[in-house]
Amino acid sequence: MVGEMGGARRGVVVIRRAEGRDAKRLTRLVRSSRAYEGRYSSMVEGYRVGPDYIEAHRVFVAVEEGGDGAGAGERDSERVLGFYALMVEPAELDLMFVADHAQGYGIGRRLVEHMREEAWRAGLDSVRVVSHPPAEGFYCSMGARPVGMVPANPPAVMWDRPELAFLVGPGGES
């Protein structure tokens, strides 16, 4: 995919397995997300995606390879566009973030499609999502179905969150 994103020429977008050395960039993406400004800021304040988390779970990262916007010192001139973490036991989409500069370019859609394929390969029938309230519409547009509400759990989470489920595999696609 070559095009314009944030004024810089884009390279090829690839989704690959995250590595421990990606931890700082993924943490930075979580903490800087505009989706968690204001009343939601406490949720990501001090949040850390560590190498141990990446090694223990199925974490995949969408990167732009060879674009003009890749920062110095990043892995092979790539720029992180987003990532997700799939938990297998129990089956849950634990994290999913798209970088603010990459919003609106289909990165989230590609990550969800990849997650569903990965879940299918892992033998899962469905994947639970406890959604950030503003992201509920996105997940529903990707085929997730509402299944309930997870009540607030102060002081960690001060608001109720929609609980959704993606069906996985043949017949599960929407």
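Residues numbered from 1 in each chain as written. Predicted model: local features only at pLDDT ≥ 70, side-chain atom pairs only at ≥ 80, totals over all residues. Heavy atoms only, no water.

For the chain, an unreviewed UniProt entry supplies the name GNAT family N-acetyltransferase and the organism Streptomyces nigrescens.

Trainee: How should the side chain of His-114 be read in this particular structure?
Mentor: Looking at where His-114 falls in the secondary structure, it is placed in helix α4 (residues 107–121). Look at His-114 and you get buried, because its relative accessible area is 14%. In this structure His-114 touches Ile-15, Phe-60 and Tyr-84, once residues within four positions along its chain are discounted. (Helix = DSSP H or I, 4+ residues; strand = E, 2+ residues; numbered from the N terminus. Buried < 20%, exposed > 50% of the residue type's maximum accessible area, 1.4 Å probe, protein only. Contact = heavy atoms within 4.5 Å.)

Trainee: How do you make sense of α4 when you look at a structure like this?
Mentor: Owing to its 3.6 residues per turn, the α-helix brings residues three or four apart onto one side. The terminal C-alpha atoms of α4 lie 21 Å apart, and with 15 residues this matches the ideal 21 Å at 1.5 Å per residue to within 8%. Every buried residue of α4 is accounted for by Ile-107, Gly-108, Leu-111, Val-112, His-114, Met-115, Arg-116, Glu-118 and Ala-119. Backbone geometry just downstream of α4 places Gly-123 in the positive-phi region, at approximately 85°. (Expected span 1.5 Å × (residues − 1).)

Trainee: Is there a simple way to think about the sheet that holds strand β7 (residues 126–130) in this case?
Mentor: Through backbone hydrogen bonds, the strands of a sheet pair up, either in parallel or in antiparallel fashion. One open sheet holds the seven strands; their spatial order is β3-β4-β5-β6-β7-β9-β8, and the pairing between them is mixed. Strands with a single pairing partner mark the edges of an open sheet, and in this sheet they are β3 (12–17) and β8 (145–150). Going across the sheet, the axis of each strand differs from the next one's by a mean of 25°, ignoring polarity. Pairing of strand β6 (residues 92–98) with β7 involves two bridges; the strand directions are parallel. (Pairing = 2+ DSSP bridges. Axes fitted to C-alpha atoms, helices over the stretch in contact; angles between N-to-C directions.)

Trainee: Sorry, what's going on with the pairing of β6 here?
Mentor: Both faces of the sheet carry side chains from a regular strand, because those side chains alternate between them. For β6, the buried fraction is high: six of the seven residues fall into the buried class. Relative to β6, strand β5 (residues 78–87) runs antiparallel, the two sharing six bridges. Residue pairing in the sheet places Leu-86 in a bridge with Leu-93 of β6. Linking β5 back to β6 in an antiparallel pair, the connection comprises four residues.

Trainee: Before we go on, may I ask you to explain helix α1 (residues 23–32) in this structure?
Mentor: Buried within α1 are the following residues: Ala-23, Arg-25, Leu-26, Thr-27, Leu-29 and Val-30. For α1, the secondary structure elements touched by its buried residues are β3, α2 (41–44), α3 (51–56), β4 (58–65), β5 and β6.

Trainee: What should I look at first to understand the packing of aromatic side chains in this one?
Mentor: We describe a pair of aromatic rings using the distance from one ring centre to the other and the angle between the two ring planes. In this structure the tally under the stated criterion is six aromatic pairs. With a centroid separation of 5.6 Å and 35° between ring planes, the pair formed by Tyr-36 and Phe-97 is classed as tilted. Taken together, the residues Tyr-36 in the loop between α1 and α2 and Phe-97 in strand β6 connect sequence positions 61 residues apart. By relative accessible area, Phe-97 is classed as buried at 8%. Taken together, a centroid distance of 5.5 Å and an interplanar angle of 20° make the contact between Phe-60 and Tyr-84 stacked. Pair noted here: Phe-60 is in strand β4 and Tyr-84 is in strand β5, with a separation of 24 residues, a long-range link. (Phe/Tyr/Trp six-rings, centres within 6.5 Å; stacked < 30°, edge-to-face > 60°.)

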